[in-house]
Protein chains: 2
Amino acid sequence: MTNPRSAVAWTGGAATGHLQLIDQTLLPVEYREHSCTTVEIVWEAIKLLRVRGAPAIGVAAAYGVVVGCQTAQQMPREQFDERLRIVLDYLAGSRPTAVNLFWALDRMGRTAKACARLTSAEMLERLLVEAKDIEREDREMCSAIGRHGLPLVRGCSGILTHCNTGGLATAGDGTALAVIFAAALENPGLQVYADETRPLLQGARLTAWELMQRHVAVTLICDSMAGWVMKEDRVQAVIVGADRIAANGDSANKIGTYSLSMLARAHDIPFYVAAPSSTFDLTIQSGSQIPIEERASTEITHAFGRQTAPAGCHTYNPAFDVAPATHITALITERGVIQPVTMSNIRATLQSPGK
Amino acid sequence: MTNPRSAVAWTGGAATGHLQLIDQTLLPVEYREHSCTTVEIVWEAIKLLRVRGAPAIGVAAAYGVVVGCQTAQQMPREQFDERLRIVLDYLAGSRPTAVNLFWALDRMGRTAKACARLTSAEMLERLLVEAKDIEREDREMCSAIGRHGLPLVRGCSGILTHCNTGGLATAGDGTALAVIFAAALENPGLQVYADETRPLLQGARLTAWELMQRHVAVTLICDSMAGWVMKEDRVQAVIVGADRIAANGDSANKIGTYSLSMLARAHDIPFYVAAPSSTFDLTIQSGSQIPIEERASTEITHAFGRQTAPAGCHTYNPAFDVAPATHITALITERGVIQPVTMSNIRATLQSPGK
């Protein structure tokens, strides 16, 4: 297994280059890079979850736009713009619930509109610059989160995390994992406890893999063991990511996060949520307004290619839950640390220019 | 699928009858009864976990002694006793860590010693009576636990349970599940939330199956969802079993129990432990003295016939954890309910003749 590169990266120039991915559907059993030389291959990669994680999907889609417009680089600009429109529509259908996908496609479309005088070949170059900017900004966001989070976990001998919030989900080091990577760099003895994260096992399949690749000591546990790991004083901090954060700091994240936040509180262990400022939705006052997606029964009853529950068994499978702001010691963003977690502190940090 | 009989039952007379089991290794995909007509088949059934659960193993072993001695029923008593000795030793090797196995074998051996004047055929009959007594006592223990526990959960619309503590683990209705069966009989609208119970999924494979067989409404969840289910007010009580209870009431049980006890407490939901008086070990002062078995990594990394974690990934896999007495609202035993859970209340109930 070679040392992994970025989950999403561009190879070559604008005219003939392509998007290079790590095929996450094969992990953790096999590491294979996946060359996306046509927009159809990019579309399929997003659709089939070869690339996943909101920021990584955004970056992949932006590069997908460049790949898709290569066929029109010798055409008159009008035909290039028509091709661009088709590519944007096509990629938007790859994963219709991914907010970052639409955000990235929208940004690429606006870039083209703002540069109406460029030739097609120049426009293709310009689109690649924009896609690389999206990637770079994501990378910088990850580094800033790692930098801001580091002082909070300095001195910890063990940190617990949940789901996957690392380099596989972003163009950089991730969100919660960025803090952990920064801490491990400073303290090579750091022990990371990774929840396997049922039902889809992102912790077992992806987080454990990333940490092992980076030579960070990781111990994989079942989700039900997290409380006992806290009781045994094996961890001094819990860090998770977030999918959506309300104006009051209530944070929606992978199912199991709510329990972890409560268990951490009961053990007097700091509980941190690391997420970019784009995760905040200030139009939502509190977590009770965040809709919780319920997913298919088979994720619980047949998740490992094998039936492990009675046929027809009823399940409850919420994809997310909400850690209340009162359980969160601090929010770690690329603009700085929000502590204590209050509505006014959140607004102040999001409005600041960042550090 | 036929309606299941007891997990362990005797069919026929002493001379030619046999032990009949439900083969639990095939559940929940297939229901198949397994006829144990030789002691070798009984040994294999215990070894391969076709029968599991401490009380059920004890009953199976007792009937296994009868099956094993059938070959000596026409021989002189001295040869019968020699055969009995061989059978007891042989069955003791089937699962060397199962305390109930040794307890049942010891009781069968003592019965034979106490009836030295019987003929071999009479002794075989006597051994069957003793084995049936063990089964009957276990069945009565289950009913008494159900009876004593019922008033505690009266009025609940939802109850959460963990692992398997039902008819498959005992000769009767189980321990925690006996209370749930009693409650469901009284309130057919009762909704039971069953934790799948990683790593070995006893909740998904066995508890969900038992409840569906008995037409009790069951909703299967991942262990990480239990806290959220409490938060959403879906359950008004949590009931679990126990493997070992210390003199102060600290209760060792399947991993995940500790977290559940703390989450229940944080949500102000009563947390009950249902277990026979034989589960108490008064020589142990508190839970900190209970050794915790650590099990193989592969239960976490390869549990479903498929690799779901990176090769060589380090794991922590404690089989049990300990719910502290301070988190337990009441202990439910066949001798009555112990509430509040204090050392003196435990001693008083265990010394009482029962109700």
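What counts, and where the lines are drawn
Residues numbered from 1 in each chain as written. Chains lettered and ligands numbered in written order. Predicted model: local features only at pLDDT ≥ 70, side-chain atom pairs only at ≥ 80, totals over all residues. Heavy atoms only, no water. Helix = DSSP H or I, 4+ residues; strand = E, 2+ residues; numbered from the N terminus. Rg over C-alpha atoms; globule rule 2.2 N^0.38 Å. Buried < 20%, exposed > 50% of the residue type's maximum accessible area, 1.4 Å probe, protein only. Contact = heavy atoms within 4.5 Å. Areas by Shrake-Rupley, 256 points an atom, 1.4 Å probe, with all protein chains shown as cover. Lys, Arg positive; Asp, Glu negative; His and termini not counted. Charge placed at Lys NZ, Arg CZ, Asp CG, Glu CD. Least-squares fit on C-alpha atoms with pLDDT ≥ 70 in both. Polar contact = N/O pair within 3.5 Å; in protein donor to acceptor, adjacent residues only side chain to side chain. Axes fitted to C-alpha atoms, helices over the stretch in contact; angles between N-to-C directions. Parallel < 35°, antiparallel > 145°, perpendicular 65-115°, else oblique. Left-handed = near helix turned anticlockwise from the far one by under 90°. Nonpolar A, V, L, I, M, F, W, Y, C, P; charged D, E, K, R; others polar. Pairing = 2+ DSSP bridges. Buried area = accessible area lost by both parts, 1.4 Å probe. Salt bridge = Lys/Arg side-chain N within 4 Å of Asp/Glu carboxyl O. pLDDT = per-residue confidence, 0-100. Phe/Tyr/Trp six-rings, centres within 6.5 Å; stacked < 30°, edge-to-face > 60°. Disulfide = S-S within 2.5 Å.

## Section: the overall build of chain A
Within chain A, the secondary structure is distributed over 11 helices and 15 strands. In summary, chain A has a C-alpha radius of gyration of 21 Å against a globular reference of 20 Å for 355 residues, a match within 12%. Oriented by its inertia axes, the alpha-carbon framework of chain A measures out at about 65 × 50 × 40 Å. When each of the 355 residues of chain A is scored for burial, the buried share is 61%. At a minimum sequence separation of 6, the contacts of chain A that also span at least 24 residues come to 72%. When the accessible surface of chain A is totalled, it reaches about 13,600 Å², and 53% of it is carbon and sulfur. The centroid of the 32 positive side-chain charges in chain A is displaced by 1 Å from the centroid of its 35 negative side-chain charges.

## Digging into the relation of the copies chain B and chain A
Of the transformation placing chain B onto chain A, the axial shift is 0.0 Å and the rotation is 180°, giving an RMSD of 0.1 Å. Expressed as a symmetry operation, the mapping of one chain copy onto the other fits a two-fold axis. Take the interface residues of chain B: 100% of them recur as interface residues in chain A, which is what a same-surface contact looks like.

## So, unusual backbone geometry
Going from R198(A) to P199(A), the amide bond is cis rather than trans, its omega being 5°. In this model, Q339(B) is joined to P340(B) through a cis peptide bond whose omega is -5°. Checked against the element boundaries, P340(B) lands in the loop between strand 15 (336-338) and helix 11 (343-351). Non-glycine residue D233(A) carries a positive phi angle of around 60°.

## A few points about the side chain of E299(B)
All names here are of chain B. Within the secondary structure, E299 sits in helix 10 (residues 298-301). Classification of E299 as buried rests on a relative accessible area of 11%. A distance of 3.1 Å separates a polar atom in the side chain of E299 from a polar atom in the side chain of N317. Sequence-distant contacts of E299, defined by excluding residues within four places in its chain, comprise R198, P199, L200 and N317.

## A look at the packing of helix 1 (residues 39-47) of chain B against helix 2 (residues 54-69) of chain B
Residues and elements named next belong to chain B. Two numbers describe how helix 1 lies on helix 2: the axes approach to 8 Å, and their chain directions differ by 165°. By the angle between their directions, the pair helix 1 and helix 2 is classed as roughly antiparallel. Along this stretch, helix 1 crosses helix 2, giving a crossing that reads as left-handed. Residues V39, V42 and I46 of helix 1 form the contact with helix 2, whose own contacting residues are I57, A60, A61, G64, V67 and G68. For the contact of helix 1 with helix 2, the per-class residue count stands at 7 nonpolar, 2 polar and no charged.

## Things to note about the sheet that holds strand 3 (residues 33-36) of chain A
All names here are of chain A. Spatial strand order, 1-2-3: 3 strands in an open sheet with antiparallel pairing. Two strands in the sheet have a free side with no partner beyond their single neighbour: strand 1 (8-11) and strand 3. Averaged over neighbouring strand pairs, the angle between their axes works out to 30° when direction is ignored. Pairing geometry for strand 2 (residues 18-22) and strand 3, over 4 bridges, is antiparallel. For Q20, the partnering residue across the bridge sits in strand 3 and is S35. Against the sheet, helix 2 (residues 54-69) contacts strand 1, strand 2 and strand 3, and its axis sits at roughly 25° relative to strand 1.

## Observations regarding helix 9 (residues 257-266) of chain A
All names here are of chain A. Counting buried residues in helix 9 gives 8 out of 10 residues, a clear majority hidden from the surface. Taken together, the buried positions of helix 9 are occupied by T257, Y258, S259, L260, S261, M262, L263 and A264. Phi turns positive one or two residues past the end of helix 9, at D268, with a value near 60°.

## Remarks on the interface of chain B and chain A
Taken together, the contacts link 54 residues of chain B with 55 residues of chain A. Summing both partners gives a buried area of about 4,400 Å² for chain B against chain A, and 70% of it is carried by carbon and sulfur. Summed over the shared surface of chain B and chain A, the result is 2 salt bridges. The salt bridge partner of R198(A) is E196(B), with a shortest N-O separation of 2.5 Å. Put simply, chain B and chain A have 16 residue pairs in polar contact (both at pLDDT 80 or more) between them. Those elements that provide at least two residues to the side of chain B that touches chain A are helix 7 (202-213), strand 6 (217-221), helix 8 (226-231), helix 9 (257-266), helix 10, strand 12 (314-315) and strand 13 (320-323) of chain B. When its residues are assigned to classes, the side of chain B that touches chain A shows 31 nonpolar, 14 polar and 9 charged. Note that strand 6 (residues 217-221) of chain A and strand 12 of chain B share 2 bridges and pair parallel.

## Regarding the confidence of the model for chain A
For chain A, the mean per-residue pLDDT works out to 95, and 98% of the residues sit at or above 70. Both scores are given for the predicted complex: the pTM is 0.93, the ipTM 0.92.

## Some details on the packing of aromatic side chains
Residue and element names in this part refer to chain B. Evaluated as defined, the whole model comprises 8 aromatic pairs over all chains. Summarising the aromatic geometry, the rings of Y31 and W209 are spaced 5.8 Å apart at their centres and angled 15° between planes, so their arrangement reads as stacked. Of the two residues, Y31 is situated in the loop between strand 2 (18-22) and strand 3 (33-36) and W209 in helix 7; the sequence distance between them amounts to 178 residues. With respect to class, Y31 is no different from W209; both count as buried.

## Some details on the state of the cysteines
One pass over the structure, following the stated rule, counts 0 disulfides over all chains. Of the cysteine sulfurs around C69(B), a residue in no disulfide, the closest is that of C115(B), at 13 Å. Of the cysteine sulfurs around C313(B), a residue in no disulfide, the closest is that of C222(A), at 11 Å.

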